[in-house]
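# Fold and geometry: a report
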Amino acid sequence: MNPSRPVATHVAVREGRIVATGTAEELCVGDAKLDTSFIDKVLMPGFVEGHSHIMEGLMWLMPYVGAFDRRSPEGRLVEGVGDIDAIVARLQEAEAKLQDDRAPLYAWGYDPLHIGGNMLSRHDLDRVSTKRPVIVVHASFHINNVNSHTLERAELMHATNISGVVAGPDGLASGELQGIPARMRLFRALGNNLLAGNITEADVNRYAASACVQGVTTITDLHNDLTDQTVEVYRNATQTPHFGVRLVPALASASHKPEQAIAKLEMLREHCNDKLHYGIVKLVVDGSIQGFTARLRWPGYHNGASNGLWYIAPEELPRLVDAYHRAGIQLHIHTNGDEATELALDAIEAAQTATPRPDHRHTLQHCQMADAAQFRRMKTFGVCVNLFSNHIYYWGDSHYALTMGPERAERLDATGTAQRIGVPFAIHSDAPVTPLAPLFTAWCAVNRTSSGGRVLGRDTEALTVEQALAAVTIGAAYTLKLDHLVGSIETGKYADFVVLEDDPLSIAPQALKDVAIWGTVLGGVARKAPRA
């Protein structure tokens, strides 16, 4: 990923940084020692995951009920479940193992679109328990499905007039809770917000282990309240020698007023170290397309569903963007639907016009439905984009048939358009929404094939293998303003590598996701990935 020397046979490392790349003759000088540990392997810059969450370390403590197989932090393959009865059975098994009769049972990964559109109702979850809260987190992490006990405890059974409380056929709450207001009421009632709970050092280490399994050396936690406890945990974890990843947390704007967030980030910069980098704020404008909570421009959802939810009021977003922009803070802005993208671009344009910043690198996250005109606006105002290429595989069929329709689905996560127009871009997993696996993410951007075998926009939006690998290394590093430290193997940067068993440029593009990963090197220290 260094254009001036794209390929080399050797890399010299000293004090955790790269001295130079070249041949043995060029580098084996003075007191240099030759290490041939990886003589039969391929080194690339360590993968940079520009959009993922600490929940990847938390969720594996809970039963997984998604339809697709997943790899755990220990390298174990966990099989998916294919229907409602199988979900209930897995939850019943987990519930029987709980020691505390009152403890909530959380599970994750469910999406009705992956099991024939069958909804998980409160009646289904009542088969698991009628005495304890049962909460299933939707694969998008924007929706929860709960049992009757949970609804009654949160006083939501009859509250179908509250935004996000979906009514069932009997007029009572169905058990599906969408968006922020309904979920926050749920968490307040339970006294436990799973998505902003107490993070332990074990959770962070589990997250780092997941990264190592997939060759990731720099990873984000792209939406966190960053409580004092979490800050302390992150500081302690990243200062231990065995911690094997560089962590980039983003402060959640929803839990802070701008003036509070700006002051907090100033304080947090004092906690930074080589493995911990603070400085960005996350705004969430809308929900998820597959959950029908994203905001779409006309003509809206292909199947006629009602438009989605604003997580930030349209009149409020410009004020927030302007405040952070004036303070010199980089924003990462979640926009799934194209109406949300348009609103975010309007806000950035106004802020940049009022207070020009030549290198703000505000980044639109997901941005799945953007058209060419919106990409041209990004280029004009210096906006980056991090596209959700994994969506093509996991929800491409549903977007084609239900949410976007054939034409818009062809440009889903339009990496080709970004490449042509010159918008700096990355691609990501949003783990644990989809698996943390950059080679798979790159495979999605190259092959653009859905889980059902449908090809979407390959002629216009597909990347070459080289371009896709750049998007999960130097491209992602650029969106995090860390490209001076990571993302390529060149003099002065951290000695962070992914160690591959094969050369991804020498195999068929269809096999890219299957390249085996030996492990990683972080700051010159090798770590073999666990395999169960």
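As a starting point, this report considers the structure included with it. Source: prediction; values computed, not measured. (Residues numbered from 1 in each chain as written. Predicted model: local features only at pLDDT ≥ 70, side-chain atom pairs only at ≥ 80, totals over all residues. Heavy atoms only, no water.)

## Considerations on the environment of Leu485
Relative to the assigned elements, Leu485 resides in the loop between helix H19 (474-479) and strand S19 (497-500). Along the backbone, Leu485 and Leu61 are 424 residues apart, and their C-alpha atoms lie at a distance of 33 Å. When residues no more than four places from it in sequence are discounted, the contact partners of Leu485 are Arg17, His277, Lys493 and Tyr494. (Helix = DSSP H or I, 4+ residues; strand = E, 2+ residues; numbered from the N terminus. Contact = heavy atoms within 4.5 Å.)

## Re the nonpolar core
Formed by 107 residues in total, the largest nonpolar core has its most connected members in Leu283, Leu364 and Met378. The residues touching Leu283, leaving out its near neighbours within four places in the chain, are Ser253, Ile312, Leu317, Leu320, Val321, Tyr324, Leu331, His332, Ile333 and His334. Among the nonpolar cores identified, the runner-up in size contains 16 residues, and Ile87, Val88, Ala94 and Ile115 belong to it. (Core = buried A, V, L, I, M, F, W, Y, C linked by side-chain atoms within 4.5 Å. Buried < 20%, exposed > 50% of the residue type's maximum accessible area, 1.4 Å probe, protein only.)

## Examining the sheet that holds strand S10 (residues 165-167)
Spatial ordering of the open sheet is given by S7-S8-S9-S11-S10, a layout of five strands whose pairing is mixed. Here the strands that pair on one side only, and so sit at the sheet edges, are strand S7 (105-110) and S10. Within this sheet the neighbouring strands show an average axis-to-axis angle of 30°, counted without direction. Packing against the sheet, helix H3 (residues 84-96) makes contact with S7 and strand S8 (134-138), and its axis sits at approximately 150° to S7. Its contacts with the sheet put helix H6 (residues 179-190) on S7, S8, strand S9 (143-146), S10 and strand S11 (173-178), and the angle it makes with S11 is roughly 110°. (Pairing = 2+ DSSP bridges. Axes fitted to C-alpha atoms, helices over the stretch in contact; angles between N-to-C directions.)

## Examining the pattern of salt bridges
Side chains that differ in sign of charge can pair as their charged atoms come close. Following the criterion strictly, the structure yields 28 salt bridges and no others. Between Asp203 and Arg206 there is a salt bridge, with the nearest N and O atoms lying 2.9 Å from each other. In this pair, Asp203 and Arg206 both sit in helix H7 (residues 201-213), three residues apart, roughly one turn of the helix. Judged on exposure class, the residue Asp203 and its partner Arg206 are both buried. Salt-bridge contacts for Arg297 lead to Glu342; the nearest nitrogen and oxygen are separated by 3.7 Å. Taken together, the residues span a long stretch of sequence, with Arg297 in the loop between strand S14 (280-284) and helix H10 (317-326) and Glu342 in helix H11 (residues 338-354) at a distance of 45 residues. (Salt bridge = Lys/Arg side-chain N within 4 Å of Asp/Glu carboxyl O.)

## Things to note about the packing of aromatic side chains
For the structure on display, the rule yields 13 aromatic pairs. Where Phe68 meets Tyr394, the ring centres are 4.8 Å apart and the plane angle is 90°; that geometry is what we call edge-to-face. Taken together, the positions of Phe68 in the loop between helix H2 (55-58) and strand S5 (70-71) and Tyr394 in helix H13 (residues 390-403) put the pair 326 residues apart, joining distant regions of the chain. Assessed through its relative accessible area of 9%, Tyr394 is described here as buried. (Phe/Tyr/Trp six-rings, centres within 6.5 Å; stacked < 30°, edge-to-face > 60°.)

Read these as layout, nothing more, since geometry by itself doesn't imply function.
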